[in-house]
Amino acid sequence: MESVILDELEREIVTALQQDGRAPFSRIAGALGVSENTVARRYQRLRSAGLLRVVGSVYGPLAGYTSWTLRIRCTPDAATPIATALARRPDTFWVHLLSGGTEISCHVQARTDADRDTLLMDKLPRTARVLDLSAHALLGPSGPAVTLDDGDHALLAVLATDGRARHTELAAATGWSESTVKRRVDALRDSGVLVFEVDVPPAALGLRAEARLWLTVRPSALRRVAAAVGGHPEVSFAGVTTGRTNLTAMVACRDAGELYRYLTERVGGLAGVHSMETAPVVRTVKRSGALLPR
């Protein structure tokens with residue numbers, strides 16, 4: 001399905017879901033001027049093909065989680081199996097093979113410091129085929145942490161697989177009533193802990209040149225540059241980090257020529273950017289949400 005590109009109606013459905021990932025198909029259909037069955041059928045077809053999915057993600061700082069971005073350099077034979085193993089973990093997302101296939105980038109969102117330390121200080125360093133590991137904390141706005149219990153974690157686990165899961169399914173997973181499930185989903189959304197994201201492979205939108213960026217920005221300009229980069233339509237993710245570089249981003253463009261123009265004109269024109277490192281994405285092993293079984 002890599003050659004499939006979403007048509008105009010399908011793109012409009014994606015845009016509507018970006019406004020509200022759990023919006024009823026009837027509401028989307030009314031806004032688009034088509035039947036509810038048409039919207040439901042298109043969504044299910046694209047979801048079955050792996051081209052469109054709504055997932056529930058946790059904004060870690062508000063849940064007491066710690067978030068990290070990793071760069072892992074491997075021997076040529078190890079990158080794919082290590083990336084696959086990382087993708088199977090419930091605490092990873094955006095797992096990419098980069099450059100010549102010997103480097104991996106991914107994000108880790110650990111519920112506890114012990115979980116983080118087990119991966120960063122024990123499992124990965126003990127893998128002989130890992131040549132180099134760089135881990136940097138993702139920084140961002142925070143507030144009073146929301147305490148999550150076992151029912152919340154069960155709820156979030158289902159939503160990480162299917163952000164549009166029905167209340168009956170969520171009730172079965174948590175042991176709560178459907179009314180309790182609805183209230184808790186609404187409360188977690190209102191608090192900012194639960195965010196619904198629309199997961200679409202960039203190639204399905206005609207964007208075939210993806211790259212990971214690492215920028216070094218003058219500290220006094222970091223907030224301004226991060227806001228500017230995060231607002232670029234080519235950017236799906238931008239985050240401030242600790243480490244030698246202090247801003248990372250994921251970029252998707254139509255082709256290599258458009259990527260070149262983006263880097264030289266859009267990013268190159270931002271005052272305060274001292275240096276930039278770029279690595280093309282060879283393959284995405286895991287995007288947002290839980291890894292679906294094959």
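The structure under discussion appears in the preceding block.
On a predicted model such as this, the values are computed, not experimentally measured, just so you know. (Residues numbered from 1 in each chain as written. Predicted model: local features only at pLDDT ≥ 70, side-chain atom pairs only at ≥ 80, totals over all residues. Heavy atoms only, no water.)

Quick notes on the overall build of the protein
Stage number 1. Of regular secondary structure, the protein possesses eleven helices and ten strands.
Stage number 2. Rg of the C-alpha trace for the protein: 20 Å, near the compact-globule value of 19 Å for 294 residues, within the 12% margin.
Stage number 3. Overall, the protein is about 50 × 45 × 40 Å in size when its C-alpha atoms are taken along their principal axes.
Stage number 4. Just so you have it, the protein exposes about 14700 Å², and 52% of that area is on carbon and sulfur atoms.
Stage number 5. When the 36 positive and 31 negative side-chain charges of the protein are each reduced to one mean point, those points stand 1 Å apart. (Helix = DSSP H or I, 4+ residues; strand = E, 2+ residues; numbered from the N terminus. Rg over C-alpha atoms; globule rule 2.2 N^0.38 Å. Areas by Shrake-Rupley, 256 points an atom, 1.4 Å probe, with all protein chains shown as cover. Lys, Arg positive; Asp, Glu negative; His and termini not counted. Charge placed at Lys NZ, Arg CZ, Asp CG, Glu CD.)

Here we look at unusual backbone geometry
Stage number 1. One non-glycine residue with positive phi stands out, namely Trp-94, at about 50°.
Stage number 2. Its place among the elements puts Trp-94 in strand β3 (residues 92-98).
Stage number 3. Unusually for a residue other than glycine, Ser-99 sits at a positive phi of about 50°.
Stage number 4. Secondary-structure assignment places Ser-99 in the loop between β3 and β4 (103-110).

Here's the deal with the sheet that holds strand β9 (residues 247-253)
Stage number 1. Here eight strands make up a closed barrel; going around it, the order is β2-β4-β3-β10-β7-β9-β8-β5 and the pairing antiparallel. In this sheet, neighbouring strand axes are inclined to one another by 35° on average, regardless of whether the strands run parallel or antiparallel.
Stage number 2. As paired elements, strand β7 (residues 209-217) and strand β10 (residues 273-286) share seven bridges and run antiparallel to each other. What sits directly across from Leu-215, in β10, is Met-276.
Stage number 3. On the sheet, helix α5 (residues 79-88) packs against β2 (66-74), β3, β4, β5 (130-139) and β10 and is oriented at approximately 170° with respect to β3. (Pairing = 2+ DSSP bridges. Axes fitted to C-alpha atoms, helices over the stretch in contact; angles between N-to-C directions. Contact = heavy atoms within 4.5 Å.)

What to know about the side chain of His-96
Stage number 1. Within the fold, His-96 resides in strand β3.
Stage number 2. Given the relative accessible area of 1%, His-96 is considered buried.
Stage number 3. Within the local environment of His-96, its side chain forms a polar contact with the side chain of Thr-284, the two groups lying 3.0 Å apart.
Stage number 4. The residues touching His-96, leaving out its near neighbours within four places in the chain, are Glu-103, Ile-104, Ser-105, Met-250, Val-281, Arg-283 and Thr-284. (Buried < 20%, exposed > 50% of the residue type's maximum accessible area, 1.4 Å probe, protein only. Polar contact = N/O pair within 3.5 Å; in protein donor to acceptor, adjacent residues only side chain to side chain.)

The values are spatial; any link to function lies outside them.
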